Amino acid sequence: MARRGTAWVAGAVRAVVDQLDVIVERDPSVRSRGEAALHPALAAVLSHRVAHRLYLRGRYRTARAVCVLARFATGIEIHPGARIGRRFFVDHGAGVVVGETAVVGDDVTLFHQVTLGATGWWQAAARGGRRHPRLGDGVVVGVGATLLGPITVGDNVLVGAQALVLADVPVGSTVRAPAAAVASKIRRLDGHRAEEAA
C-alpha cells in the first residue's frame, strides 16, 4: 500500500513539474517555474485533473464544485467530463470554455476566449453521444476562436483568431477567420484545399 501511495505522489509531482515546464516553454513572458506557478493555466489544468478523476468515479457534484472554484479563480472553465491530454496549455486563459464531451489531445494550446462547445441543447438531445469537438495532438487554437459540435480537428492544425469552426479539419491544416470552416475554406499546409486532397 505504501508503494502505491509513493508512486502516486511521484506521478503527481512529475505531472506538476511537466505542467510548469510547458508554461515556461510556451509563454515567453514567464521566465521560471516559480513564475509559472502563478500562471492561471496551472491552477486550471491541475484543478481539472482532480475534477475529472472525481467525475469518472461518479462524484459529479464534487467534480462540478472543483470546476466552479477553478473558473472563479482563473477564468478558465473546463467541464470535469472533458478529456484533456498531456502538456495542455491555456495562454492568458480568460473566457476559455471546454465542454463536457470535448476530447483534447497532447500538446494542445488554447488562447483566451476560445470555446470548445456544442451546437445547442435542442440538437444534442436528439443526437446523443459526443456533443463537443475532438482536437488532435499539437493543435493551436487562436484568440476568440469558436469550435462547435462533434467535429474532429486533426493533429497539428492551426485555428486562427476569431475563426468559427463547424466542420472537420484535416491533419496539418490552417483555418483562418473570418469565414466559417467549411471544406472550401480549409487549406492544408501545402496550400491545397482540403477537398482536393480527398
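Our structure is the block above this text.
Let me begin by describing the structure that accompanies this report. Since we're looking at a predicted model, the values are computed, not measured. (Residues numbered from 1 in each chain as written. Predicted model: local features only at pLDDT ≥ 70, side-chain atom pairs only at ≥ 80, totals over all residues. Heavy atoms only, no water.)

**Observations concerning the overall build of the protein chain**
The helix and strand inventory of the protein chain stands at six helices and 16 strands. Of the contacts formed within the protein chain by residues at least 6 apart in sequence, a portion of 31% connects residues at least 24 apart. (Helix = DSSP H or I, 4+ residues; strand = E, 2+ residues; numbered from the N terminus. Contact = heavy atoms within 4.5 Å.)

**Notes on a nonpolar patch on the surface**
Together, Trp8, Val9 and Val13 make up a nonpolar patch on the protein surface, roughly 310 Å² of accessible area in all. Relative to the assigned elements, Val9 resides in helix H1 (residues 2-26). The exposure class assigned to Val9 is partly exposed, which follows from its relative accessible area of 44%. (Patch = residues over 30% accessible without salt bridge, like charges linked within 9 Å, V, L, I, M, F, W, Y side chains within 5 Å. Areas by Shrake-Rupley, 256 points an atom, 1.4 Å probe, with all protein chains shown as cover. Salt bridge = Lys/Arg side-chain N within 4 Å of Asp/Glu carboxyl O. Buried < 20%, exposed > 50% of the residue type's maximum accessible area, 1.4 Å probe, protein only.)

**Brief notes about the packing of aromatic side chains**
For the coordinates displayed, the defined rule picks out one aromatic pair. Ring plane angle 70° and centroid distance 5.1 Å describe the contact between Tyr55 and Tyr60, whose orientation is recorded as edge-to-face. (Phe/Tyr/Trp six-rings, centres within 6.5 Å; stacked < 30°, edge-to-face > 60°.)

**With respect to the nonpolar core**
Ranked by internal contacts, the top residues of the largest apolar core, which has 37 residues, are Phe88, Val98, Leu110, Leu135, Val141 and Leu147. Examining the composition of this core, we find that four residues originate from one element, helix H3 (residues 40-56), more than from any other. Judged by nonpolar contacts, the second largest core, of five residues, contains Ala51, Leu54, Tyr55 and Ala63. (Core = buried A, V, L, I, M, F, W, Y, C linked by side-chain atoms within 4.5 Å.)

**Here we look at the pattern of salt bridges**
For the structure on display, the rule yields seven salt bridges. Close ionic contact of Asp106 with Arg86 constitutes a salt bridge, the shortest N to O distance being 3.5 Å. Of this pair, Asp106 sits in the loop between strand S5 (103-104) and strand S6 (109-110) while Arg86 sits in the loop between strand S2 (83-84) and strand S3 (89-90), and the two are 20 residues apart along the sequence. When salt bridges that share partners are traced, they join Arg26, Arg87 and Asp107 into one network.

**Details of the side chain of Arg26**
For Arg26, the location among the structural elements is in helix H1. Residue Arg26 is classed as buried on the basis of its relative accessible area, which comes to 18%. A distance of 3.4 Å separates polar atoms of two side chains, one belonging to Arg26 and the other to Asp107. Contact partners of Arg26, with chain neighbours within four places excluded, come to Arg87, Phe89, Asp107, Val108 and Thr109. (Polar contact = N/O pair within 3.5 Å; in protein donor to acceptor, adjacent residues only side chain to side chain.)

**Structural notes on helix H4 (residues 60-74)**
If you check H4, its first and last C-alpha atoms are 21 Å apart, about what 15 residues at 1.5 Å a residue would give, namely 21 Å. Within the sequence span of H4, burial applies to Ala63, Val66, Cys67, Ala70 and Thr74. One side of H4 holds all its buried residues, which, seen down the axis, span an arc of 100°. Opposite its buried face, H4 presents the exposed residues Arg61, Leu69 and Phe72, each directed more than 90 degrees away. Where the residues of H4 are buried, they touch H3 and strand S1 (76-78). Gly75 sits one or two positions beyond H4 and adopts a positive phi of about 80°. (Expected span 1.5 Å × (residues − 1). Arc of directions from axis to C-beta.)

**Some details on the packing of H3 against H4**
Where H3 contacts H4, the two axes come as close as 8 Å, and the packing angle between them is 175°. Relative to H4, the element H3 is oriented roughly antiparallel. Contacts between H3 and H4 involve Pro40, Ala43, Ala44, Ser47, Ala51, Leu54 and Tyr55 from the first element and Tyr60, Thr62, Ala63, Val66, Ala70 and Thr74 from the second. A class-by-class count of the residues in the contact of H3 with H4 yields ten nonpolar, three polar and no charged. (Axes fitted to C-alpha atoms, helices over the stretch in contact; angles between N-to-C directions. Parallel < 35°, antiparallel > 145°, perpendicular 65-115°, else oblique. Nonpolar A, V, L, I, M, F, W, Y, C, P; charged D, E, K, R; others polar.)

**Some words on H3**
Over its 17 residues, H3 runs 24 Å from end to end, which matches the ideal 24 Å to within 8%, given 1.5 Å per residue. Taken together, the buried positions of H3 are Ala41, Leu42, Ala44, Val45, His48, Ala51, His52, Leu54 and Tyr55.

**Here we look at the side chain of His39**
Along the chain, His39 turns up in the loop between helix H2 (33-36) and H3. A relative accessible area of 9% places His39 in the buried class. Those residues in contact with His39 that lie beyond four places of it in its chain are Ile23, Asp27, Val30, Phe89, Val90, Asp91 and His92.

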